[in-house]
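Examination of the molecular architecture
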There are 2 protein chains.
Amino acid sequence: MRSEELRETLLPKRLALPIFASDPLSSVAYATQEILLVLTLGGLAYLHLTGWIAAAVAVLLAVVVLSYRQVVGAYPSGGGSFEVVTTNLGPSAGLVVAASLLVDYVMTVAVSVASGVDNIISALPGLAPYRVLLALVFVALLAAVNLRGVRESGRAFAAPTYLFIGGILITVATGLLRYAFGTAPRAESAAFGITPTPGDAQLAGLALLMLVLRAFSQGCTALTGVEAISNGVPAFRRPKSRNAATTLAVMGGTAIAMFVGVTALALVSEVHITQDPCRLTGLPGSCGSYTQRTVIAQIAAAVLGGEHSIGFYFIQTVTALILVLAANTAFNGFPLLGSILAQHRYLPHQLHNRGDRLAFSNGILALALVAALLLYAYQAQVNQLIHLYILGVFTSFTLSQLGMVRHWNRQLRAAEGSLTDREGRRRIHLARAVNGTGAVITGLVLLIVLATKFLEGAWLAVLAAIVLWVTMRGIRRHYDAVSEELAVTDPRAELVPPSRVIAMVLVSSLLKPTLRAVAYAHAFHPDRLEALTVAVDREEAAQLRDQWEEFGIDVPLTVLDSPYREVTRPIIERVRSERRDSPRDVVAVFIPEYVVGHWWENVLHNQSALWLKSRLLFTPGVMVISVPWQLSSSSAANHPLARAPGSVRRGEPPHSGPPPS
Amino acid sequence: MRSEELRETLLPKRLALPIFASDPLSSVAYATQEILLVLTLGGLAYLHLTGWIAAAVAVLLAVVVLSYRQVVGAYPSGGGSFEVVTTNLGPSAGLVVAASLLVDYVMTVAVSVASGVDNIISALPGLAPYRVLLALVFVALLAAVNLRGVRESGRAFAAPTYLFIGGILITVATGLLRYAFGTAPRAESAAFGITPTPGDAQLAGLALLMLVLRAFSQGCTALTGVEAISNGVPAFRRPKSRNAATTLAVMGGTAIAMFVGVTALALVSEVHITQDPCRLTGLPGSCGSYTQRTVIAQIAAAVLGGEHSIGFYFIQTVTALILVLAANTAFNGFPLLGSILAQHRYLPHQLHNRGDRLAFSNGILALALVAALLLYAYQAQVNQLIHLYILGVFTSFTLSQLGMVRHWNRQLRAAEGSLTDREGRRRIHLARAVNGTGAVITGLVLLIVLATKFLEGAWLAVLAAIVLWVTMRGIRRHYDAVSEELAVTDPRAELVPPSRVIAMVLVSSLLKPTLRAVAYAHAFHPDRLEALTVAVDREEAAQLRDQWEEFGIDVPLTVLDSPYREVTRPIIERVRSERRDSPRDVVAVFIPEYVVGHWWENVLHNQSALWLKSRLLFTPGVMVISVPWQLSSSSAANHPLARAPGSVRRGEPPHSGPPPS
């Protein structure tokens, strides 16, 4: 796409909702289930607490949505939490948000894919042995699709998202209506009992509170992805902020309705689900051969006519689809965040430019690789992976709400001097109250999540975020140091040319490329020109000298002695001694090189030339001049313009905002 | 070491013997055992055939030693079988020998290390669970020692080799004397019975013959390493050939005496050893917990006073030592053969030069890696690994004896014309008869080995040799094609300089390195000089242009448009269009580069410059000029002459005989 065209693809609300909401809405597919899995550690005794926990999560969701509506209004540029926090709390805090979000993008892929596979297996239990394989195949497919550079079109997202929303809401409504009329649907697991795990039977006091907090932590996964819209404001049609805020509200309302509905229906239809199927009692067969279906699958089957009904398959299909789409949003968000971080010089600047395909490729491959590793390590178990999730989300929530509070404080201070508009000040006060409340609540949740999940796996996510934070700070410092070192203070002084040019042609054999290098060196009319060879083998060197004279080349050939059979050292020493004698000269070293057509041919050629070049570049006052000779194999295989434009562009390397450096 | 010093380290016979004989003599440690392991497949019934098989092996050994004495006399240059076969049967046959030997060097390491570990475990049975680990540690140690470049000193080899020879011969003599006096030593396994495997009980006719042939094939491992001396003739003191032939005879005699002695003693002391300890009957405990000792260990314990006697530990120590030394010879031979092959342009020519440490490193690492893989895959079981062995040895034996026959035929024909010396012709006829016999016998053995071992694992060795052969031929063809393409036919035409030099300085930012590149380009006084930048971002390009004028740089700056945000393509197109307008010009592209001190810094810089350079090299009529700017981090870390000389030389890259190309 040409740069101009990029600007003309703005989104109407009806397409923006599915694009940005697939991630937050998809968490409905596992949030309820995660709450139940913790509560049933104590058997069936604590299931009545589910409602209260779900209510708390719903309130939290509302608070966060309200808070982010403020962000969208105040920061329409799409920097999201990273921008808000960097602007208001400083770059170090901003970097914490960035590191957390990078980790959470990885977890979004891992958890969504694992949950998607879970729902596929719920529909087709025969696939249970291939859980990990299926998950890895999905990650590979997502990576492949994104590497091909297919931009997500609103339409591709719209259908599955709306079908998922519609399907779930109809299922919930039907189920609850049946309950109201006294014919409540019954889940397939309703008849099973659950044996409590030894430590979790008959809890009371603090122990019960801990169980409830753990269940609440797990339920908070319903909040993932909420902030996606705040990163996407620039993609909305005008008025951007207003449209984004509206979409955020619609998304929040839908998410709450779906989450509460699914949870209510799960309670009503008595879904009994547990981390270990062997704790189920009343199973028809052995627990080893029994595959528990997901909560979504169980309620869909109960409401829509059993696990072979069309309705059931439909719900499972759209659920799996939306989960894969949620993973796909991470494949878009991760490289985009990487590009913003590169622009701020926290990551290698090759990642900066938007149109640069290879840059995206690196990000996509990194994301796919880490997600695949996690899926493999945790055997694609949602319940295991979820422990590493949402820490980053809540870190980012908390810090951005704190940042917003500071933002409003600054606004108030600015208003004090110039404005007496009471209405305006009242609105700022209200906004600050909203964000303050958000900060306190999400901060509290962050502490709860950290406390309940740290030992269960969250330490790994924390560690990864810390490593990222330290690395990105180091990269930024490096770039800053280099910029300072290279800044031009006196252009005239830098532009003074060297007093003389001494040219040296390196000779190893008397083949065509060497003669070409001599001819090119002549064309420059250097102040002095000599040919250099290293006598690794004295006989060969003598032969070379004879041949040199025989060819009648009018350039003196110097044979450097090399008692230790080295090549590089004598040449470097020669160049240095030249510079030592006259430091204001520059030494131009001409190196004849073969250019070959196949990568493996490089193993057979140019090894010493490459090494020598890299050593020469460390020597001050030297220019290294490659004189290429294109072997016939090179022209067919590697003619850069002979390829189709697409394939060349795909081969294009990362580049730093401004061209080569 | 200086080249001159290399020539002054010639070996007297008493040091040459241990250096070259550790490999052939060490096979005494497993050859007898391998014969027994096959025969006991049929229980104890066929053990009486051991003597005949051992006798056949001993005769074979004598034949091969006699044959190689001829090789040593006729080809004193140390090329060994490879040279003999290449000279007499042509390069393709020579390459077969080379490929076979490369495979066998790998197997020497694997088998010797596995057998060494076996003998250590025989002395310290508690180490049995760590068999594979121990083997891998030994390979790693050997690789490390050889990477450090410690040359094997004759003295280091002398002690263990002579101690091993002495120890085994004393044990054999003592044991056989005791037998003669009626107090035969009794092995710990003498009382055990052996259950035949189902297919191998009561064999007769062809089936029995096959068993015997299989046992014979295994026994032929006693012949490995015999040809080492023929590769080492140049290392002997003068008269080289005579000394080498004498050493070969001494080595052959010793090997036969030891092998026959050990086999006789094993029979006399009734060593009952089997591939699967669970086929042993009369075991004190369960077969799972019983570790069979090696044949050497069993006879040493029987003769020298049990498995806790000093004599026993002594024999096990020297046996393990000589086996490790045998593996070490492969670590010397493999890179040496690689270097000879590289000299003949069958392998990348970086491997050619002797003094080049990194070249040896590559060979050493490759050898260690493949041997370690085999040891791991076959769980360091000698009995498994042995099936891949000796095919190469016998291929090389057969072909080199055939080559010698041809050599003598040629001598005879030459003699016919000029010489009437009957004595001389008689000697040539005799030599031809010796080598002819050798060729027929080793050829027969090769067929037997191939037939009995192919399906048991030898196919892998055959496949590896074929792959090597094809690869080496391909490399040779490539080098030949390139040489032909690059040969100079008309030096004057090649030396005509281009008519004009067009210089272009690539600019991405206005930092010091760019100004230096401009200054250097000025110094060359090109016919035209311009600066180029690519407008990936229009705003940034405009800023750059303003700054350019502000700095007062007297070179025109051309801004190339890049609607697809590419960097490389607009520059390449610009260079090509320049050449299209005036094909006799040369375009000199100046690229400012940062030189950084740490490898990871390269991730942060120069990526686009590197890519661009590699693409430019494919464009005819272009010179690529790197103008390096040494960042402060580079001077400390990478000053090539600031390091200790040793560390610089270790870092020296592979180079082709003559210096850089």
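Residues numbered from 1 in each chain as written. Chains lettered and ligands numbered in written order. Predicted model: local features only at pLDDT ≥ 70, side-chain atom pairs only at ≥ 80, totals over all residues. Heavy atoms only, no water.

Quick notes on the overall build of chain A
Going by this rule: Each helix is a run of DSSP H or I of at least 4 residues and each strand a run of E of at least 2, with the numbering of both proceeding from the N terminus. Relative accessibility decides the category of a residue: with a 1.4 Å probe and only protein chains considered, values under 20% of the type maximum give buried, values over 50% give exposed, and everything between is partly exposed. Surface accessibility in these figures is a Shrake-Rupley result with a 1.4 Å probe; residues are shielded only by whichever protein chains are displayed.
On a plain count of helices and strands, chain A comes out with 26 helices and 7 strands. Each of the 661 residues in chain A was classed as buried or not, and the buried ones make up 57%. For chain A, the accessible surface area stands at approximately 26,600 Å², while carbon and sulfur atoms represent 62% of it.

A short note on unusual backbone geometry
Only a minority of non-glycine residues have a phi that is not negative, and only a minority of peptide bonds are not trans. Residues and elements named next belong to chain A. Each neighbour pair has its own omega, and for R238 with P239 the value is -5 degrees, a cis peptide bond. In this fold, P239 is placed in the loop between α10 (228-231) and α11 (240-268). Although it is not a glycine, Q379 adopts a positive phi angle of roughly 50 degrees. Look at Q379 and you get partly exposed, because its relative accessible area is 40%.

Some remarks on the environment of A:M504
All names here are of chain A. Definition in use: Only heavy atoms enter the contact rule, under which two residues are in contact if any of them lie within 4.5 Å.
Tracing the sequence through the fold places M504 in strand β3 (residues 501-506). Judged by its relative accessible area of 0%, M504 is buried. Taking the C-alpha atoms as reference points, M504 and M472, separated by 32 residues in sequence, lie 42 Å from one another. The residues contacting M504, other than those within four sequence positions of it, are E530, L532, R574, V575, E578, V587, A588, V589 and F590.

Considering helix α21 (residues 538-550) of chain A
All names here are of chain A. Operational definition: Expected span of a helix: the number of residues minus one, times 1.5 Å. Read the arc as the range of directions from the helix axis to the C-beta atoms.
For α21, built from 13 residues, the straight-helix expectation of 18 Å at 1.5 Å per residue is met to within 8% by its first-to-last C-alpha distance of 18 Å. Taken residue by residue, α21 has A541, L544 and W548 as its buried positions. All buried residues of α21 fall inside an arc of 60 degrees around its axis, so they share one side. Those residues of α21 that are exposed and aimed more than 90 degrees away from the buried face are E539, Q543, E549 and E550. For α21, the elements touching its buried residues are α20 (512-523), β4 (528-535) and β5 (557-561). Residue G552 follows α21 closely and has a positive phi angle near 65 degrees.

Here we look at a nonpolar patch on the surface
All names here are of chain A. The condition that has to hold: Within the patch definition used here, like charges are joined within 9 Å and nonpolar side chains (Val, Leu, Ile, Met, Phe, Trp, Tyr) within 5 Å, considering only residues with over 30% relative accessible area and no salt bridge. When a carboxyl oxygen of Asp or Glu is within 4 Å of a side-chain nitrogen of Lys or Arg, the pair counts as a salt bridge.
Residues L450, F454, L455, W459, L463 and V467 make up a contiguous nonpolar surface patch of roughly 590 Å² in combined accessible area. Ranked by the residues each element gives to the nonpolar patch, the list is headed by helix α18 (residues 458-486), at 3 residues. If you trace the backbone, W459 turns up in helix α18. When its relative accessible area of 42% is taken as the criterion, W459 is described as partly exposed.

Section: the packing of helix α2 (residues 13-26) of chain B against helix α11 (residues 240-268) of chain B
Residue and element names in this part refer to chain B. What counts, and what does not: Throughout, an axis means a line fitted to C-alpha atoms (over the contacting stretch in the case of helices), and angles, computed between N-to-C directions, take values from 0 to 180 degrees. Put simply, angles under 35 degrees are roughly parallel, angles over 145 are roughly antiparallel, angles from 65 to 115 are roughly perpendicular, and the rest are oblique. Handedness of a crossing is defined here by the sense of rotation of the near helix relative to the far one, left-handed for an anticlockwise turn of less than a right angle and right-handed for a clockwise turn. Residues are grouped as follows: nonpolar covers Ala, Val, Leu, Ile, Met, Phe, Trp, Tyr, Cys and Pro; charged covers Asp, Glu, Lys and Arg; every other residue, Gly included, is treated as polar.
At their nearest, the axes of α2 and α11 sit 10 Å apart, and the two run at 45 degrees to each other. Put simply, α2 runs oblique to α11. Relative to α11, α2 is oriented so that their crossing is right-handed. Taking contact as the criterion, the partners of K13, A16, L17, A21, P24 and L25 in α2 are, on α11, N243, T246, T247, V250, M251, T254, A255 and M258. For the contact of α2 with α11, the per-class residue count stands at 9 nonpolar, 4 polar and 1 charged.

Points about the sheet that holds strand β7 (residues 622-630) of chain B
Quick reminder of the rule: The criterion for strand pairing is that DSSP finds at least two bridges linking the strands in question.
Taken in spatial order, the 10 strands of this open sheet run β5(A)-β4(A)-β3(A)-β6(A)-β7(A)-β7(B)-β6(B)-β3(B)-β4(B)-β5(B), and their pairing is mixed. Two strands bound the open sheet, and with one partner strand each, they are β5 of chain A together with β5 (557-561) of chain B. Between one strand and the next, the sheet's axes are offset by a mean angle of 30 degrees, whatever the strand orientation. Summarising the sheet, strand β6 (residues 586-595) of chain A and strand β7 (residues 622-630) of chain A pair through 9 bridges and their orientation is parallel. Considered in β7(A), the bridge of A:V589 is made with A:V624. Where α21(A) meets the sheet, it contacts β4 and β5 of chain A, and its direction lies at approximately 175 degrees from that of β5(A). Here helix α20 (residues 538-550) of chain B sits on the sheet in contact with β4 (528-535) and β5 of chain B, set at roughly 175 degrees to β5(B).

Points about the nonpolar core
We count it as follows: The nonpolar core is taken to be a set of buried Ala, Val, Leu, Ile, Met, Phe, Trp, Tyr and Cys residues, with the residues joined through side-chain atoms within 4.5 Å.
Ranked by internal contacts, the top residues of the largest apolar core, which has 145 residues, are B:L39, B:V113, B:L341, B:L375, B:F394 and B:M472. With 19 residues, helix α6 (residues 91-123) of chain B is the single largest residue contributor to this core. Beyond its immediate stretch of four places on either side in the chain, B:L341 contacts B:F82, B:L95, B:A98, B:L102, B:Y346, B:L347 and B:M472. Formed by 144 residues, the second largest nonpolar core is a distinct cluster that contains A:L203, A:I229, A:A301 and A:F397.

Observations concerning the packing of aromatic side chains
Just so we agree on the cut-off: Two rings from Phe, Tyr or Trp (for Trp, the six-membered ring) form a pair when their centres sit within 6.5 Å of each other. Planes less than 30 degrees apart are called stacked, planes more than 60 degrees apart edge-to-face, and all others tilted.
Under the defined criterion, the tally for this structure stands at 15 aromatic pairs over all chains. Their ring planes at 80 degrees and their centres at 5.2 Å tell us that B:F394 and B:F397 sit as a pair that is edge-to-face. With B:F394 and B:F397 both in helix α16 (residues 391-418) and 3 residues apart, this pair spans about one turn of that helix. B:F397 carries the same exposure label as B:F394, and that label is buried. An aromatic cluster is present here, built from A:F524, A:F590, B:F524 and B:F590 joined pairwise through their rings.

Looking at the pairing of β4(B)
Residue and element names in this part refer to chain B. Quick note on the threshold: By the criterion used throughout, a crossover qualifies as right-handed when its path from the first strand across the helix to the second strand runs clockwise, the strands pointing away from the viewer.
The element β4 is largely enclosed, with a buried count of 7 among its 8 residues. By the bridge criterion, 5 bridges tie strand β3 (residues 501-506) to β4 in an arrangement that is parallel. Note on β4: the bridge partner recorded for M504 is E530. Handedness of the crossover joining β3 and β4 through helix α19 (residues 512-523) is recorded here as right-handed. As paired elements, β4 and β5 share 5 bridges and run parallel to each other. Across the sheet, residue A531 finds its bridge partner in β5, namely L557. Once you follow β4 into α20 and on to β5, the crossover reads as right-handed.

Considerations on the confidence of the model for chain A
All names here are of chain A. Operational definition: Each residue carries a pLDDT score, the predictor's confidence in it, ranging from 0 to 100.
Averaged over chain A, the pLDDT score is 84; the fraction of residues at 70 or greater is 90%. In the model, residues 637-661 has pLDDT below 50 throughout and makes 82 contacts with residues more than four positions away in sequence or in other chains. This prediction of the complex comes with two scores: 0.71 for pTM and 0.71 for ipTM.

Some details on the pattern of salt bridges
Residues and elements named next belong to chain A. Applying the stated criterion across every chain yields a total of 26 salt bridges over all chains. The salt bridge partner of R528 is E530, with a shortest N-O separation of 3.9 Å. For E573, the salt bridge goes to R569, with nearest N and O atoms at 3.5 Å. Residue E573 and its partner R569 are located together in helix α22 (residues 568-581), separated by 4 residues, close to a single helical turn. With relative accessibility at 36%, the residue E573 sits in the partly exposed group. If you follow the salt bridges from partner to partner, you end up with R528, E530, R574 and E578 in one network.

Considering the side chain of B:T40
Relative to the elements of secondary structure, B:T40 occurs in the loop between α3 (28-39) and α4 (50-74). The contacts of B:T40, once residues within four sequence positions are left out, are B:L47, B:I194, B:I273, B:T274 and B:R279.

Side note on the side chain of A:E227
Residue and element names in this part refer to chain A. Convention followed: For the purpose of counting charges, residues Lys and Arg are taken to be positive, whereas Asp and Glu are taken to be negative. His and the chain ends are not included. As used in this structure description, the phrase polar contact means that two N or O atoms lie within 3.5 Å; if the pair is within protein, one of them must be able to donate a hydrogen and the other to accept it, and residues adjacent in sequence are counted only when both atoms belong to side chains.
Turning to its location among the elements, E227 is positioned in the loop between α9 (205-219) and α10. The side chain of E227 is buried and forms no salt bridge, while R69, the nearest opposite charge, is found at 16 Å. Polar side-chain contacts of E227 include one of 2.9 Å to the side chain of S81. Reaching out from E227, the side chain makes a polar contact with the side chain of S396 at a distance of 2.7 Å. Setting aside chain neighbours within four positions, we find E227 in contact with Y68, S81, L101, S396 and F397.

A word on the environment of A:S26
Residues and elements named next belong to chain A. Relative to the elements of secondary structure, S26 occurs in helix α2 (residues 13-26). For S26, a relative accessible area of 0% puts it in the buried group. Residues S26 and V63 lie 37 residues apart in sequence; the distance between their C-alpha atoms is 19 Å. Those residues within four positions of S26 in sequence are excluded, and the remaining contacts are A21, F164, I322, L323 and A326. A polar atom in the side chain of S26 sits 2.8 Å from the backbone oxygen of D23.

As for the packing of α2(A) against helix α3 (residues 28-39) of chain A
When two helices pack together, their arrangement is captured by the angle between the axes and the distance separating the axes. Residues and elements named next belong to chain A. Running from amino to carboxyl end, α2 crosses α3 at an angle of 15 degrees, the nearest separation of the two axes being 5 Å. Between α2 and α3, the interaxial angle falls into the category roughly parallel. On α3, the residues that touch P24, L25 and S26 of α2 are V28, A29 and Y30. Residue composition of the contact of α2 with α3, by class: 5 nonpolar, 1 polar and no charged.

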